Amino acid sequence: MNKIQDAFRNGKAFIPFITCGDPDLETTGKLVRAMAEAGADIIELGIPFSDPTAEGPTIQGANLRALSGGVTTDKIFDFVRTLKDVTVPLVFMTYANVVFSYGIKRFAAACAETGIAGLILPDVPHEEKEEFAPVFRAKGIDFISLIAPTSDQRIAEIAKDAEGFIYIVSSLGVTGVRSEIRTDLAAVTEQIRKYTDIPCAIGFGISTPEQAAKMAKIADGCIVGSAIVKQIAEHKTDSAEPVAAYVRSMKAAMQ
Amino acid sequence: MTNPAGRFGVHGGQYIPETLMNAVIELEAAYNHYKNDPEFNAELQTLFNEYANRPSRLYFAQKLTEALGGAKIYLKREDLNHTGAHKINNVLGQALLAKKMGKTRLIAETGAGQHGVATATAAALMGMECVVFMGEEDTKRQALNVYRMRLLGAEVIPVTSGTATLKDAVSEAMREWTSRIDDTHYCLGSVMGPHPFPTIVRDFQAVISKEIKQQILEKEGRLPDAVMACVGGGSNAIGTFYHFIEDSSVRLIGCEAAGRGIDTFETAATINTGKLGIFHGMKSYFCQDEYGQIAPVYSISAGLDYPGIGPEHAYLHDIGRAEYVAVTDEEAVNAFEYLSRTEGIIPAIESAHAVAHAMKIAPQMGKDKIIVITVSGRGDKDCAAIARYRGENIYE
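Residues numbered from 1 in each chain as written. Chains lettered and ligands numbered in written order. Predicted model: local features only at pLDDT ≥ 70, side-chain atom pairs only at ≥ 80, totals over all residues.

Undergrad: Looking at this model, I keep getting lost on the interface of chain A and chain B. Mind explaining?
TA: The parts lose accessible area when they come together, and the size of an interface is often stated as this lost area. Contact with chain A, which involves 35 residues of that partner, is made by 30 residues of chain B. Going through the elements one at a time, α3 (57-68), α5 (96-102) and β6 (146-147) of chain A are the ones with two or more residues in the side of chain A that touches chain B. Here the side of chain A that touches chain B gets 6 residues from one element, more than from any other, and that element is α5 of chain A. Its residues placed into classes, the side of chain A that touches chain B shows 16 nonpolar, 11 polar and 8 charged. (Contact = placed C-beta atoms within 7 Å. Helix = DSSP H or I, 4+ residues; strand = E, 2+ residues; numbered from the N terminus. Nonpolar A, V, L, I, M, F, W, Y, C, P; charged D, E, K, R; others polar.)

See below:
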């Protein structure tokens, strides 16, 4: 069984997202260790991009802070090398151009060498994944597919090809905290289940333990970004502790 | 599964969030249906002719020709279209298509404001709701166009993220589209973004070269030696080139905005300074740093102030069919003033980039040669900014 799917064996999975270098890589390191300790099952690490078109204002802000702090793809690979003792699978989330400009093969090799388990590129849909996915697959890295409320008849082909876990986008729009999620996620998950048995995690708009508990009833896990990034924006270099407490509360609410 | 659709060589594609995939697939299906529908085409032709004032004139610029002393220069007067620019061609096509698709709301990005004004105009005409995203920086540079859009009933949303210019307006319009798809069509303004936009926009703008060809054959009995246009995303340029692509004797020249020069960071000349990348739904050339971070580009022209170029232009560059040259702010401003004085035609500062390059090459060409320059828009919107560039402190 692969590293990512293994991470779904410990009850419902909680998957936090943070942006590398927000506010600096030292804090990112503290956050990774604190979140792993607090029960995170997989950690999504964002490599900042100048123009993150799938993000709402909160994560846009994190991208901007990280880039103004001078973070680069190379510095992030160096940083991930220092996390070898962290056993929780780490997954990169970034944009196509960050990977493309680095060189897809070179990027995949660096991921393999630094122990990255998966990659999420929100601007690479099913139609374009052949340029990326096989290169990562060859290195044992999962190319994680997203399924949206608008995917409808596309669900079958996406799910059949999916690796690692399926990232279910909870609602229309960009990332960011939402007070209410209206999509019939149970129906979406049921549809996916017809074509694959790999785990499904729901992301976009989830922030409260109540929402997490609700999602845990439908899927195998949930992904939270903006709610955590908000705390990092507030507590800056001292955010490890409050974020760890938050992760604990979310993980507990899901069981 | 690989989808070769929407590729121009290696360029193009559909690099967008999954949330938008069905919307572009639906758009492609609708477009493939209506583009061959006689009723749709008749309706569009009527709008072009009766509403937008097509065909636009191909004007022999005798004084400019004499002043430069070389090739015979014709101006394709897209500035005389309703709303004052070529943008209306694409917008009428897309708005009509959106209406057929049952959409009731148009969203758009705009740089100089010309595409926003055109979209607001079509929305008013067709009774649709309209929201335009415009970089905050550009709302200041082009305050008059902001007022025009509001007057036409559109909501203008100033975008403050990133560099607060055209690229950020595109990003914000894309974000808005992911949150509201059912009733909303994203009326993209240039030959860029994910497939099928580069093809749809090109087809609607191709009316420019279709007319040039007919008009020049009537006037001169032969094809021109060169056709020229300014290039940001590249919609008026592809419109100017399209029906000449197969005519290898016709040089296709795209004029990019060099800003303060291609050897500075304050430039927007994508072919001259960019490299291959993936952004805003497409693979093409982009101004970017070594890690793929999109560069904060600059040009005096809000309409050319974009870090990428449409995928078909990137392909025409790769195969050597079209030439892309860089024109600085200073050269464009000189051309803006020069054309105003010699022909009594005030071009948009965007179009002035093409005029500037013609001023360089026409004198080196024989008097038996023919150049066509597309004047993509009128320059009224730029007067205050150019006056300020020249140190005259006027505000609209």
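Undergrad: What am I meant to see in the domain arrangement of chain B here?
TA: Residue and element names in this part refer to chain B. According to the domain assignment, chain B contains domain 1 (9-48 + 87-201) and domain 2 (55-84 + 206-389). Taken together, the contacts link 38 residues of domain 1 with 36 residues of domain 2. Going through the elements one at a time, β2 (11-15), α4 (87-100), α5 (114-126), α6 (136-141), α7 (143-151), α8 (166-179) and α9 (197-205) are the ones with two or more residues in the side of domain 1 that touches domain 2. For the side of domain 1 that touches domain 2, the element with the highest residue contribution is β2, accounting for 5 residues. (Domains from an automatic or database assignment.)

Undergrad: Just to check I follow, could you spell out the sheet that holds strand β6 (residues 129-135) of chain B for this structure?
TA: Sheet strands line up and pair through hydrogen bonds in the backbone, either parallel or antiparallel. Residues and elements named next belong to chain B. Taken in spatial order, the 4 strands of this open sheet run β7-β6-β5-β8, and their pairing is parallel. Of all the strands in the sheet, just β7 (155-159) and β8 (184-186) have a single pairing partner and so form its edges. For this sheet, the mean inter-axis angle between neighbouring strands, taken without regard to orientation, is 20 degrees. Pairing between β6 and β7: 5 bridges, direction parallel. Opposite Val-131, over in β7, you have Glu-155 as the bridge partner. Across the sheet, α8 lies against β5 (105-110), β6, β7 and β8, angled at about 160 degrees from β5, the strand it touches most. (Pairing = 2+ DSSP bridges. Axes fitted to C-alpha atoms, helices over the stretch in contact; angles between N-to-C directions.)

Undergrad: Is there a simple way to think about the nonpolar core in this case?
TA: Nonpolar side chains tend to gather and get buried jointly when the protein is soluble and globular. Among the nonpolar cores identified, the biggest contains 228 residues, and Ile-168, Ala-201 and Cys-222 of chain A are the most heavily contacted of them. Built from parts of two domains, this core gets at least three residues from each of domain 1 (9-48 + 87-201) and domain 2 (55-84 + 206-389) of chain B. (Core = buried A, V, L, I, M, F, W, Y, C linked by C-beta atoms within 7 Å. Buried ≥ 20, exposed ≤ 12 C-beta atoms within 10 Å, placed from the backbone.)

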